[in-house]
Structures are given as C-alpha cells and as structure tokens.
Amino acid sequence: MLIKNLFRYWTYQVFAPGAVLREKYEAFKALLAHDKAAHEQMAVLEDIYYNRKRYDLQAVVKNYTLFSSAVSGMVEELLKMCPASHWSLKEYYTKFDFYTRFILTPPAFEFSPPFTIEFGKASLLNESIAGKKAFTLSRLNRKLHLPTPDGFVITTNAFHYFFEINNLRQSINERLAELDISDSVELDRIALEIQTLILEAAIPEEVHSAITEAMNFREQGQNDHFRAALRSSAVKEDGKASFAGQYETILNVEKKDIINGCKQIIASKYSSQALFYRISHGISDDDTPMAILVLDMVDSLSSGVMYTRSNDDPMTENMTIHSVWGQGELLVNGETSPDIITVSKPPSATIVYTKTGAKRHQMILTETDSTQVIKTDQQRQNQVSLDESAILTLTRWGVLMETHFGHPQDIEWCRDKSDKLFILQSRPLNLPGKKDRAASVQIPEIKTCPLCSQGETVSSGIGSGPVYNLEQVSEIHKVPKGSVLVVRFAHPRFVTAIDNMAAIIIETGSTASHFATVAREYRVPAITNVKNCLQLLAQGDRVTVDADRAVIYQGDATDQLSVNEQKKDPFEDSPFMSKLQYVINFCAKLKLTDPNATSFTPEACRSLHDIIRFAHETAVQEMFLTGNRKGSRKKGAKKLISHIPMLFYVLDVGQGFKTDHKNKKTLQPEDIASEPMNAILKGLSHPGISWDETSHFDWEEYDKIVMAGGIISADSPQFASYAVVSKDYANINFRFGYHFVIIDTICSSCKEDNYILFRFSGGGGSPSGRFLRARFLKKILERTGFLVDIKSDLIDAEFKNGSLPVIRETLDIMGRLLGATKLLDMYLKENSQLKTMTDDFMNGRYDFRSVVDEKL
C-alpha cells in the first residue's frame, strides 16, 4: 500500500495531545484512516462503473463490503468525538447499507430434493431448477410432441447442494473477486484453481443415490448397457446470451463414468472461455447455476444444425439446414464444412439450394473410447448427408418451433441409423439484420484488387488490421489487439480473444458453428471456408475483411467501403451494469456539497458518500473549530494569511512556527518554520500560477460544488484546508473546491527518514474530466520520481529517501502542480491533450486556461 505510513510520524513522533484531547484525537485519527479506506474502495467501484471494467459481480461485493465497513468506522468514530449529537447518522448508514446489500445479495439457493427429475417432467417445473436447455427441450417434447432422446435431469438443487456440502461457494467467490478477464494468464490460473476444487470435491451421498436410481431406471428394458450423452443445462444458457460452446458436452458415457462426467460438466462452468463469456456479458455466477441433461445416447447416422431463418438473407422465408455424417460435434466445434441445404418454408417447402460440404472426417461412437474421429468414405464425402424426406420433416418441425416460441430458432438435430430424427436443442437465433448494400448504398469502385473473394459470411461487418496466423488453439492469448485473426477452424475458446479481433478468417467451418454464434453476438466480422488462407495471408500484412461479401483486400480499404455495424459490447447493457449503477447511486453520488448550508445534516444524506462527507467535515470542525457553524479557532490552530486565496488553519506540534508567533492571532508565511510547509507554500506561490477566476465558466452555477470559483471561500472555515506541522514534518489536507488532497511528508537532514505521500481525489467536473486530470497528475508524478497507483480519479503516490534539497524541490513542484490543476477537470476533454500539457508543465508552464480557448 502506497500510503501505509500515513500519519505515522504525526501519530508516534510529533503530536502529543493533552489528557483532555487524547480520546478525541485518537477517534479523529481513526476516522481519517477509515476515510482513506472508504475513498479507496469508492474509487475502485467508480473505476469499474465509469470505465466499464469487466469484472465478476463478486469484485463489486468484495469492494463494497470493504467500503461499507470503512463508512461504518467513520460513523462510529464521529460518534465518539461528538457523543451528544449526530446519532441519526448511524440510522441512515444502516438504511443505505441495507439497500445496497439487498441488490448485491444472491438469489436464495434451494438445496433440497428433487436432485433428479425425469426429462419428460422438466417442463412441468421451471427453468430455475431444470436449466434452460432441459426446460425448453422437454417443453418441445410435451407440447409439440417432437421426438427427443429420453433421460433425466440432474437439477440445480443438486448443484447447490454439491457446492454447499463441499463449502465451494466461498472459495470460488474469493477467486472470482480477484479475476481480471483481460489478463489471460490470470484467467487461466484462476479457472484451473476453481475447476480443480470442483473435480476434487465429492458428490454428496444423497445426490449420488438419486443419480444412480435414475440411471438404473433408464437401464430397465434396454438391450444394451446404458450409454448417455451429458449436456449442460445452465440457467441463462440458450437465452439472450447463448453460451454457445462454452460449456462441456460429453458423449457416449458409460454408467460407471456418469458421476465423474457430471463433475466435468460443472467444472466447465469455470473454464477460461466460460468465465470470459459470462463475465463479458455481465451475468453473475449466482445467476447461472448448472443443471445437467443425462439423455439416451443416439448413435447418429447424420447430425446438424437448422436455422429457421437463412443466414445469407434473414429477411426471406427460407430456412437453412447444416448437416454432417455421424455426430454433430465436428460441425458445432467448427472443425468440418457441412452440407448446406436452403429450404423454403411451408406450404411450398421446396429445396431451393444444396451445397455439398467437404466432409472428410466424421465422429462416431465406439465401445472403448466413447467417440472417435475417422475418415469419411470417399464416396460419402461428396454425398449429401440428409435425404429429401428428412429435410422436409425438419422444415415442418422448424416452423412449429419458431411459431411456438415466436422467434427464429437455432436448432440442433440428429438422425439415428434407423433414420429416426431427434431434436437435441433449440434456442433463439441471433442473426443481426444484414443490409443489402448493393441495393441501398452506392458503392464506389475499389481500386485495390481483392486478395480473395471466396468463402461464406459468418458475421456481418468490415474489419481491418494486421494478419495474425494462429496455428495452435492454446496460443489464442497471443493474439494482438486489432488483429485480423486467420485460423484453420474456429474453436469456442477463441471467445477469450474476441476483444482483440478486428475480424476473423476461417479456413474450414460453417456459419452454424458455436463460434459463429459467438461472433455474431459480439458483431465481429467473420468469414469461413476460405481455402488456404493461412498460406495466402502473410503474418503482419494489413488486410481489410468485408464479411458481407466474403471479400479480403490488401491494406486498409475501409475508407472506400461503407462500414456498417460496430463491434458490440454486451457488457454495456447488462445485468451487472444495472446492479452496479444502483450501487453507485447509493455509494458514490454526492448531494451534501455545502457544509455551510443549514441542510448539512445527517437527515439530508442520500448516499454513503454523503455520510462520508458529513462525517469528515463534522470531525474536522470538531477537531479544529469550536462554537457556531461559522466556526472559530481551536486553541493552537492559527489562520494562515497569504496572497493565495485559500483559507488555511495550521496547528504546530513541534517547532513548526517561529518563536515570535505566540502573540499573533493569525500567521503570515514568514511565520512558518516548517521545512516541508514552506516548500509547498513556495510552490503554491509561484508567479506562473494564476489564481484568477476563469471567464469561461458559469461560476454562479458551479459555486455550490467548487466553492467560490474553485477556491475556498474566505468566510467558511468548514471549507478550509488544514495542516499539522513541525520543524521537519507536515500533514496537509487541502481543499480546492470539491477535490481533496492529502500530503504527508518528512523533510529532514536524514535521507533515510524522508518521504512524501500524496493522495488526490474528487472534483467538480464530469467523471471523464476527473479521470483525465488524474492521468495528467500521474504523468507528472511519475516524471518527478513518484511510484503512482491510480484507481478511477483517486491517486496514491509515494516518493522515498530523497535528500533534504531533493525533498524541498519535489514539494515545491507539488505546490505548483496543485495550483496548476485546481480546475483542470472542468475543461480537460481529450486524452490527446495530456502529452503536450505534461511536457509544458515540466518546462515551466503552470497556467492551462488557454486550453479552454483552444477548444471553445
């Protein structure tokens, strides 16, 4: 922690209050420590919210818990300082804390039976116990009488009981709270830790017995020993967020392996790709409990995916069926190119177009290895894997399902070796409408000849960037930001690099793979079946991908094309952001801005930030001021008079004033003997700093926040800055309008003892203006030699072990920096301004008002 020594010198070496003040002083000291912690955690929450940082909800829960504890500590210490008043503040804290914890509290978990239910009865229950996939599939079987494999569901109750018995929830939440999905190494590490916890845990005896009983029932009447397909059926899966391919599916599982297979399905909920997908969609872990479908294994002659709207033209009434020989895993994992059959919907129900895919391999079931990938017979490679009768049957079923759900459907199906068709899954089809550019946009002639004009559109859009050829799935974390990714096939794990893709070019696959669904959800331009693309496109060469036309151009041709949809960030409008906005409103919004107002009371608090403000201001007044709300000096604290229009109270705790000050009611700068205080005042007094009001702001409107033009009003002691000083020590709390600065420093002849601790937060400008000012401060501090930590608009910085002249000079610079940045959050608009302004400051410029003139 950068400010771990805050108040260390003041507390243990300098300040020695009398017996009467000691208890109050100790409470004040503790309150300031809680204040520091509260601002740290509030800055983290604001950083996540305003910068749209994609964290698990547990990160918010953890930081809010720390934040709430700090605010509670401030209230308790204030009541120790003022035992006769402000007790209602505790009631308001309790109220706001309750509201916030309510929104962050997970849904109630049900641990009791049933731990399994018959598949046919899943639709009689609800999605929360059977999971989305099982509930939907059972509904199709019972209500539309469509054929599905039979089996049973291991319920979310069993999942919760498994977690409860093994005490997994706390361990998992602790890891989720620390997870940053943008760090691929950290993502893989935490995913492995959580999966190991699950795989090493024991299935509870009651759940084990329920699964065994359900399996024994399935075995009755079967000629062969029982084989099952285990499929995930998480709550929220197959909905608005598809989770396509993110969870495990295990085929052809023997009875003895089903228990371990179930743990593998549960563990897949915490794979790197599943964690990335869920968190980037802003869905909490508690909202996605896992149920598991245990279905009779179908030995498929052919399998595939049906879209009840054509991927090529969603506006038509055509449907598209994708089909391969054997099991469908090679198709959905993007490892093979299927047959593609376009069919018009009933009543005509005519096959419009058929394209035979290169089905060189197929997945089959075996007695020993569960599944095996083999070469397809040469004759069957060029043969359509689905006959006309099956095509028309699937078409009729597709219309039934689309009508039933009132939305186009993405359907998985299979056909067994007796030609019986089964529905395996149905979920909403995510096909963003594609503009017909040829009809609606006048396309200018492209001067650059296409490198390639083959392939199929997977996801619409245009992307440009340097080529990155990826040979190994395991190296997906190496994909640079802004790359055009070129791969042999698109594995679902590629979602972990989705933010780095300007576009993706796939050598083999289909528009019906799991990754195709994911690419469309994120609106990443993608094309597939581009032959020899890894050889055609050189590493690092810049190309442009027009996915709508499946055309690749050399160089950046985006200026010649009409770019349509931008990449979509599902996190922006997500349950996570909705909850966090609620949290921010109760934690960080500030309405108690004027401590001099009659309404500055506990009853006027509307957020925990208001409580922080009230507690801090009241504690400072109690410590430094006595009397009415206008305030009066406490014995020992003197008012500093200088040309700087700030109200300053200074308390000497050891040779901080010159000896002739005792009979004076106020101080002049020349009365200060404190080395660090003099250095800071020197910087604040630099002739290059302007303390005049800036003409471009409506001060009447801003006064409530920035206090008389951004500088503290001369008649409001509650808005004052305060310093505790000795000969070689200073702890200063600055108030510049509504931003706060703490400097804690020792400036002595002993180099090893010397340090400067700096904290800066707040402001009257917009969040973006405050963030930009914080980054400007960070640049200056780092150039000056500080170690800097920044969260949102909160800066912590530390400078250590400088000689006396170096510390003096650095504190002088700090004073100049504070004077130069007092209103910077009001008019900083663009990140591009920071580099020039940083250079200017280091070259002696301290007045940036002309930035306003340049921008207005």
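On a predicted model such as this, the values are computed, not experimentally measured, just so you know.

Rules of the game
- Residues numbered from 1 in each chain as written.
- Predicted model: local features only at pLDDT ≥ 70, side-chain atom pairs only at ≥ 80, totals over all residues.
- Heavy atoms only, no water.
- Helix = DSSP H or I, 4+ residues; strand = E, 2+ residues; numbered from the N terminus.
- Buried < 20%, exposed > 50% of the residue type's maximum accessible area, 1.4 Å probe, protein only.
- Contact = heavy atoms within 4.5 Å.
- Areas by Shrake-Rupley, 256 points an atom, 1.4 Å probe, with all protein chains shown as cover.
- Pairing = 2+ DSSP bridges.
- Axes fitted to C-alpha atoms, helices over the stretch in contact; angles between N-to-C directions.
- Disulfide = S-S within 2.5 Å.
- Core = buried A, V, L, I, M, F, W, Y, C linked by side-chain atoms within 4.5 Å.
- Salt bridge = Lys/Arg side-chain N within 4 Å of Asp/Glu carboxyl O.
- pLDDT = per-residue confidence, 0-100.
- Phe/Tyr/Trp six-rings, centres within 6.5 Å; stacked < 30°, edge-to-face > 60°.
- Polar contact = N/O pair within 3.5 Å; in protein donor to acceptor, adjacent residues only side chain to side chain.
- Patch = residues over 30% accessible without salt bridge, like charges linked within 9 Å, V, L, I, M, F, W, Y side chains within 5 Å.
- Expected span 1.5 Å × (residues − 1).

Draft legend 1. Fine view of the overall build of the chain. A tally of helices and strands in the chain yields 27 helices and 32 strands. Sorting the 856 residues of the chain into buried and exposed places 58% on the buried side. Long-range contacts, defined here as pairs at least 24 residues apart, represent 68% of the contacts in the chain between residues at least 6 apart. Per element, the accessible surface of the chain, about 34800 Å² overall, is 49% carbon and sulfur.

Draft legend 2. Region of interest: the pairing of strand β13 (residues 421-428). Across the eight residues of β13, seven count as buried, placing the element largely inside the fold. Looking at chain direction, strand β12 (residues 409-416) and β13 are connected through seven bridges and run antiparallel. Paired with Q409 across the two strands is P428, which belongs to β13. Turn length for the β12-β13 hairpin, with the two strands adjacent in sequence and antiparallel, is four residues, and the turn residue D419 shows positive phi of about 70°.

Draft legend 3. Spotlight on the sheet that holds strand β6 (residues 300-307). Within the open sheet, the six strands sit side by side as β9-β8-β7-β6-β12-β13. Their pairing is antiparallel. In the strand order of this sheet, the two ends are held by β9 (351-355) and β13, each with one partner. Shown here is a sheet whose adjacent strand axes are inclined to one another by a mean of 20°, direction ignored. In the packing of helix α15 (residues 388-405) onto the sheet, the strands contacted are β6, β7 (318-325), β8 (339-344), β9, β12 and β13, and the crossing angle to β13 comes to about 35°.

Draft legend 4. Local environment of the state of the cysteines. Overall, the coordinates contain zero disulfides when judged by the stated rule. The cysteine C533 is free of any disulfide, with C452 supplying the nearest cysteine sulfur at 8.1 Å.

Draft legend 5. Molecular detail of the nonpolar core. In this structure, I198, I258, L485 and F494 are the most contacted members of the largest nonpolar core, which totals 73 residues. Sort the elements by how many residues they give to this core and helix α11 (residues 258-268) lands first, with six residues. Every residue in contact with F494, bar those within four places of it in the chain, is listed here: L470, V473, I476, L485, V487, F489, M501, I504 and F515.

Draft legend 6. Just the pattern of salt bridges, in detail. Across all of its chains, the model carries 54 salt bridges by this definition. A salt bridge links K256 to D257; its shortest N-O distance comes to 3.3 Å. Taking relative accessible area as the criterion, K256 reaches 63% and is therefore assigned exposed. In this structure, the salt-bridge partner of D812 is R816, at a minimum N-O distance of 3.1 Å. In this pair, D812 and R816 are both assigned in helix α24 (residues 804-820), four residues apart and thus about one turn of the helix distant.

Draft legend 7. Representation of the confidence of the model for the chain within the structure. In this model, the chain carries an average pLDDT of 86, and 87% of its residues clear a pLDDT of 70 or more. This stretch, residues 1-20, has a pLDDT under 50; its non-local contacts, to residues over four places away or in other chains, come to 52 contacts. Note that residues 626-634 has pLDDT below 50 and, in this model, 32 contacts with residues that lie over four places away or in other chains.

Draft legend 8. Looking closely at the pairing of β12. Counting buried positions along β12 yields eight of eight residues, so the element is predominantly enclosed. Along β12, one buried face is formed by Q409, I411, W413 and R415 and the opposite face, lined by D410, E412, C414 and D416, is buried too. Pairing geometry for β6 and β12, over seven bridges, is antiparallel. Paired with Y307 across the bridge in β12 is D410.

Draft legend 9. Local environment of the packing of aromatic side chains. Enumeration according to the criterion identifies 26 aromatic pairs in this entry. When the centroid spacing of 5.3 Å and the interplanar angle of 55° are considered together, the rings of F786 and F799 count as tilted. Placement of the pair is F786 in the loop between α23 (767-784) and β31 (787-791) and F799 in strand β32 (residues 794-800), with a sequence separation of 13 residues. Both residues of the pair, F786 and F799, belong to the buried class.

Draft legend 10. Representation of the environment of K665 within the structure. Considering the arrangement of structural elements, one finds K665 in the loop between β25 (648-652) and β26 (666-667). Spatially, the C-alpha atom of K665 lies 9.6 Å from that of A637, the residues being 28 residues apart in sequence.

Draft legend 11. Fine view of unusual backbone geometry. Omega for the peptide link from P113 to P114 comes to 15°, which places this bond in the cis form. Counting through the fold element by element, P114 comes out in the loop between α4 (88-104) and β1 (116-118). Located in the positive-phi region is F243, a residue other than glycine, with phi close to 55°. Along the chain, F243 falls in the loop between β3 (227-234) and β4 (249-254). One non-glycine residue, N801, adopts positive backbone phi at about 60°. Looking at the secondary structure, you find N801 in the loop between β32 and α24. On the accessibility criterion, N801 (38% relative accessible area) is partly exposed.

Draft legend 12. Main features of the sheet that holds strand β19 (residues 526-528). Taken together, eight strands build an open sheet; the order of strands is β14-β21-β20-β16-β17-β18-β19-β15 and the sheet is mixed. Sheet topology places β14 (450-452) and β15 (456-459) at the edges, where each strand pairs with a single neighbour. The sheet shows a mean angle of 35° between the axes of neighbouring strands, taken without regard to direction. Where strand β16 (residues 462-470) and strand β17 (residues 483-487) come together, four bridges link them in parallel fashion. Paired with V467 across the two strands is V484, which belongs to β17. Along the sheet, helix α17 (residues 514-522) makes contact with β15, β18 (501-506) and β19, crossing β15 at roughly 60°.

Draft legend 13. Representation of the environment of Q454. Position of Q454 among the secondary structure elements: in the loop between β14 and β15. Since its relative accessible area comes to 30%, Q454 is described here as partly exposed. Beyond its immediate stretch of four places on either side in the chain, Q454 contacts N529, V530, K531 and A550. From its side chain, Q454 meets the backbone nitrogen of K531 in a polar contact 3.1 Å long.

Draft legend 14. Expanded view of a nonpolar patch on the surface. A cluster of nonpolar side chains, contributed by F98, Y99 and F102, occupies part of the molecular surface with about 350 Å² of accessible area. Looking at the element boundaries, Y99 is found in helix α4.

Draft legend 15. Quick look at helix α6 (residues 132-143). For α6, with twelve residues, the first-to-last C-alpha span of 16 Å sits near the 16 Å given by 1.5 Å per residue. When we look at burial in α6, the residues that qualify are K133, A134, F135, T136, L137, S138 and L140. Elements that come into contact with the buried residues of α6 comprise α5 (127-130), β2 (151-154), β3, β5 (290-296), α15 and β13. Among the residues trailing α6, H145 stands out with phi positive, at a value near 55°.

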